[in-house]
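Commentary on secondary and tertiary structure
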Amino acid sequence: MAGKRRKFDAEFREGAVRIVTETGKPIAQVAKDLGINETTLASWVSRARRADGTGTAGESEELARLRRENAQLKKDNKELAMERDVLKRCMVLWVK
């Protein structure tokens, strides 16, 4: 059976989120130290980040950069595969 559901006041939640954001400690460690569930603390942190908008600008810039880099790498990979296939065909013709 499920245990009794604990309720945390807003001050406790804000303090826990502040510990994670200001100290940079992992959510799992902070949750263990405070005696709360890791997923509960993670949801509080993500909710606070969405509400504040902190980290989203930097993360979106990083995401955009990684997407550009990924697209370039895919393009390069496709080009190299085509060059390899051409060389394979040339070798077959040369061997004959």
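These numbers were taken from a predicted model, which means no experiment stands behind them.

1. Observations regarding the packing of helix H2 (residues 27-34) against helix H3 (residues 38-52)
- The N-to-C vectors of H2 and H3 enclose an angle of 120°; their axes lie 9 Å apart at closest approach. The crossing of H2 and H3 is right-handed. Counted together, Ile-27, Ala-28, Val-30 and Ala-31 of H2 and Glu-38, Leu-41, Ala-42 and Val-45 of H3 form the full contact between these two elements.
- A class-by-class count of the residues in the contact of H2 with H3 yields 7 nonpolar, no polar and 1 charged.

2. Considerations on the layout of surface pockets
- The space that makes up the largest pocket amounts to roughly 240 Å³.
- As for the largest pocket, its lining consists of 13 residues, and the residues nearest its centre are Arg-13, Glu-14, Val-17, Trp-44 and Ala-48.
- Counting residues per element, the ones that place at least two in the lining of the largest pocket are helix H1 (10-23) and H3.
- For the lining of the largest pocket, the class distribution of residues is 5 nonpolar, 2 polar and 6 charged.

3. Quick notes on H3
- Compared with the 21 Å implied by 1.5 Å per residue over 15 residues, the 21 Å span of H3 between its first and last C-alpha is a close match.
- Within the span of H3, buried status applies to Leu-41, Trp-44 and Val-45. Around the axis of H3, the buried residues are gathered within 95° of arc, so they sit on the same side. More than 90 degrees from the buried face of H3, the exposed residues found are Thr-39 and Arg-50.
- Buried residues belonging to H3 abut H1 and H2.
- Between a side-chain oxygen at the N-terminus of H3 and the backbone nitrogen of Thr-39 the separation is 3.1 Å; the capping residue is Asn-37.

4. Notes on the nonpolar core
- Listed in full, the 9 residues of the largest apolar core are Ala-16, Val-17, Val-20, Val-30, Ala-31, Ile-36, Leu-41, Trp-44 and Val-45.
- At the level of elements, H1, H2 and H3 are the ones that each hand at least two residues to this core.
- The residues touching Leu-41, leaving out its near neighbours within four places in the chain, are Ala-16, Val-17, Val-20, Ile-27, Val-30, Ala-31 and Ile-36.

5. Comments concerning the packing of aromatic side chains
- The full count for this structure, using the stated rule, is 3 aromatic pairs.
- For the pair Phe-8 and Phe-12, a centre-to-centre distance of 5.1 Å together with 15° between the ring planes defines the contact as stacked.
- By relative accessible area, Phe-12 is classed as partly exposed at 27%.
- Seen in terms of ring centroids, Phe-8 and Trp-44 are 5.4 Å apart; in terms of plane orientation they differ by 75°. Their pairing is edge-to-face. Taken together, the positions of Phe-8 in the segment before H1 and Trp-44 in helix H3 put the pair 36 residues apart, joining distant regions of the chain.
- Owing to a relative accessible area of 9%, Trp-44 belongs among the buried residues under this scheme.

Conventions and cut-offs
- Residues numbered from 1 in each chain as written.
- Predicted model: local features only at pLDDT ≥ 70, side-chain atom pairs only at ≥ 80, totals over all residues.
- Heavy atoms only, no water.
- Axes fitted to C-alpha atoms, helices over the stretch in contact; angles between N-to-C directions.
- Helix = DSSP H or I, 4+ residues; strand = E, 2+ residues; numbered from the N terminus.
- Left-handed = near helix turned anticlockwise from the far one by under 90°.
- Contact = heavy atoms within 4.5 Å.
- Nonpolar A, V, L, I, M, F, W, Y, C, P; charged D, E, K, R; others polar.
- 1 Å grid on protein atoms, 1.4 Å probe; cavity = no way out; pocket = protein on both sides within 12 Å on 5 of 7 lines; lining within 4 Å.
- Points joined across faces, edges and corners; volume = space filled by probe spheres on them.
- Expected span 1.5 Å × (residues − 1).
- Buried < 20%, exposed > 50% of the residue type's maximum accessible area, 1.4 Å probe, protein only.
- Arc of directions from axis to C-beta.
- Polar contact = N/O pair within 3.5 Å; in protein donor to acceptor, adjacent residues only side chain to side chain.
- Core = buried A, V, L, I, M, F, W, Y, C linked by side-chain atoms within 4.5 Å.
- Phe/Tyr/Trp six-rings, centres within 6.5 Å; stacked < 30°, edge-to-face > 60°.

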